[in-house]
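# Chains, contacts and geometry: an overview
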Amino acid sequence: MSKLAVQCSMWMMAVYHGFRMLSFIATMCWTYGVRSVFSWKPTPRPKQLDDPSLGTHGMLTLDNVVIHYVVSGPEDKPLMLFVHGFPEFWYSWRHQIREFQKDFRVVAIDMRGYGESSKPKGMDEYCLKKLLGDVKQVIFGMGYSKCILVGHDWGGVVCWAFGRFFPEMVEKLIIMNAPPAPVMQKVFRKSKKQLQMSWYIFFFQLPYLPELLMRLDSFVFFDNVFGNKYIGRLGFPKAFENPLSQEDIAAYKYTFSDVEGVTAPINYYRARLRSAVGQVDYDMAFAIPVLVVWGVKDVALSLTIVEDIEKEFPNITVRRIEDAGHFVQMDRPDLVNKAIRDWLNE
């Protein structure tokens, strides 16, 4: 299929899902009232974001962005670096921070465009090459030359590539519910189910509307994605088997409460499909130990992805978490932490 045909198909799907979401918004306005739907109540900073048991907050100045991080654990221990996905931030790793901070120098970052990190404007600022550069500079900035690298979702996409291009900086690689690009490309070609599950990626290519959808009704989007109070209200399927508390959901609403706090994360998806700069390709010839932890009940990523990894790359260790969805590290932190610790101790 030609590049032009691919682009036309992408925009056709984007427009289709755009009309679908407009229909949802209209239904919400009819049911709950326009004033309710288009309201944005300020969310105060939740106290758990400043919980000292999770570590100390800091800022790292990189080449062209400032990265916010939370660090804990002994300074003489190996570095364990956590890289979050969408729509998340450093707090998504709270259970892993508490589990591993005695044995490692644990650092959880806000990726560029998220939380308290810089939010550069423009789609090209979120290309994969720049994201890889951020991870490299963070490792050096924390005073290390290598780390145990842990990534989920978009963070996992970055970490897959980082482990392939910079193996000398990764002692071990741990990925959670994130596809490596070579496998995902094959799955897209053969799986209509995955194309359907990835509808939001095409929807996110549209201007303005995705941002509006996330902000509606004081960010009810996060109740829908992380909780169980509004399942189906925005048309997003249930992503959690074990929903977050309202206190934890409030932390996400607070973090994404400014306009750029929504646009920048969505630009990751726009850059991936449309940016002409910073694209990188790689194969699966990993020279480092790799663990994949996969929440089986993922509604965004087909189980075909992890099945293909198991079948084609037996050198990669896979641990399935049956009673968990896409946000596996928060959904079943007990099983995830055990899987990681057991693998690290092998």
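Residues numbered from 1 in each chain as written. Predicted model: local features only at pLDDT ≥ 70, side-chain atom pairs only at ≥ 80, totals over all residues. Heavy atoms only, no water.

Our focus in this paragraph is the overall build of the chain. The helix and strand inventory of the chain stands at 14 helices and eight strands. A compact globule built from 346 residues should have a C-alpha radius of gyration of about 20 Å, and the chain, at 19 Å, falls within 12% of that. C-alpha atoms of the chain, sized along the principal axes, occupy 60 × 50 × 40 Å. Burial analysis of the chain (346 residues in total) assigns 58% to the buried set. (Helix = DSSP H or I, 4+ residues; strand = E, 2+ residues; numbered from the N terminus. Rg over C-alpha atoms; globule rule 2.2 N^0.38 Å. Buried < 20%, exposed > 50% of the residue type's maximum accessible area, 1.4 Å probe, protein only.)

It is worth spelling out the packing of helix H9 (residues 209–226) against helix H10 (residues 246–255) at this point. Packing of H9 against H10 brings their axes to within 9 Å, and their N-to-C directions diverge by 130°. One element, H9, and the other, H10, form an angle in the oblique class. By crossing handedness, the relation of H9 to H10 is classed as right-handed. Packed against H9, whose contacting residues are Ser-218, Phe-219, Phe-222, Asp-223 and Phe-226, the element H10 presents Gln-246, Ile-249, Tyr-252 and Lys-253 at the interface. (Axes fitted to C-alpha atoms, helices over the stretch in contact; angles between N-to-C directions. Parallel < 35°, antiparallel > 145°, perpendicular 65-115°, else oblique. Left-handed = near helix turned anticlockwise from the far one by under 90°. Contact = heavy atoms within 4.5 Å.)

Turning to the nonpolar core, a few remarks are in order. Membership of the largest hydrophobic core comes to 119 residues, with the highest contact counts inside it found for Leu-81, Leu-149, Trp-160 and Leu-173. Residue contributions to this core peak at nine residues, all from H9. In this structure, Trp-160 is in contact with Leu-173, Ile-175, Ala-178, Pro-179, Pro-180, Tyr-282, Met-284, Phe-286, Val-290, Val-292, Ile-309 and Ile-316, ignoring residues within four places of it in sequence. (Core = buried A, V, L, I, M, F, W, Y, C linked by side-chain atoms within 4.5 Å.)

Moving on: the confidence of the model for the chain. Confidence along the chain averages 92 in pLDDT terms, with 95% of residues attaining 70 or more. Ranking the elements of the chain by mean pLDDT puts helix H2 (residues 34–37) last, at 87, and strand S3 (residues 79–83) first, at 99. (pLDDT = per-residue confidence, 0-100.)

Let us look at the layout of surface pockets. Size it by volume and the largest pocket reaches roughly 1300 Å³. Forming the boundary of the largest pocket are 33 residues, of which Val-6, Gln-185, Phe-188, Arg-272 and Leu-273 lie nearest the centre. Sorting the residues of the lining of the largest pocket by element identifies helix H1 (3–32), helix H5 (154–165), helix H6 (181–190), helix H8 (199–203) and helix H11 (260–274) as the ones contributing at least two each. The element that contributes the greatest number of residues to the lining of the largest pocket is H1, accounting for six residues. (1 Å grid on protein atoms, 1.4 Å probe; cavity = no way out; pocket = protein on both sides within 12 Å on 5 of 7 lines; lining within 4 Å. Points joined across faces, edges and corners; volume = space filled by probe spheres on them.)

The next subject is the pairing of strand S1 (residues 56–61). For S1 and strand S2 (residues 66–72), the ladder comprises six bridges, and the chain directions are antiparallel. Within the sheet, the bridge partner assigned to Gly-58 lies in S2 and is Tyr-69. Counting the residues in the hairpin turn of S1 and S2 gives four residues. (Pairing = 2+ DSSP bridges.)

As a further point, take the pattern of salt bridges. Going through the model one piece at a time under the given rule, you end up with 21 salt bridges. Notably, a salt bridge pairs Asp-51 with Arg-98, separated by 2.9 Å at the nearest N-O pair. In this pair, Asp-51 is assigned in the loop between H2 and S1 and Arg-98 in helix H3 (residues 94–100), connecting sequence segments 47 residues apart. Beyond isolated ion pairs, a larger network of salt bridges with shared partners links Arg-112, Glu-125, Lys-130 and Asp-134. (Salt bridge = Lys/Arg side-chain N within 4 Å of Asp/Glu carboxyl O.)

To continue, consider the sheet that holds S3. Taken in spatial order, the eight strands of this open sheet run S1-S2-S4-S3-S5-S6-S7-S8, and their pairing is mixed. Strands at the two margins of the open sheet, each flanked by one partner only, are S1 and strand S8 (317–321). Going across the sheet, the axis of each strand differs from the next one's by a mean of 20°, ignoring polarity. Where strand S6 (residues 170–176) lies against strand S7 (residues 290–295), four bridges are found, and the strand directions are parallel. Looking across to S7, one finds that Ile-175 is bridged to Val-292. Contacts between helix H4 (residues 128–141) and the sheet are confined to S1, S2, S3, strand S4 (105–109) and strand S5 (147–152), with S3 contributing the most and set at about 150° to the helix. Here helix H12 (residues 303–312) sits on the sheet and contacts S7 and S8; the angle it forms with S8, its principal contact strand, is near 150°.

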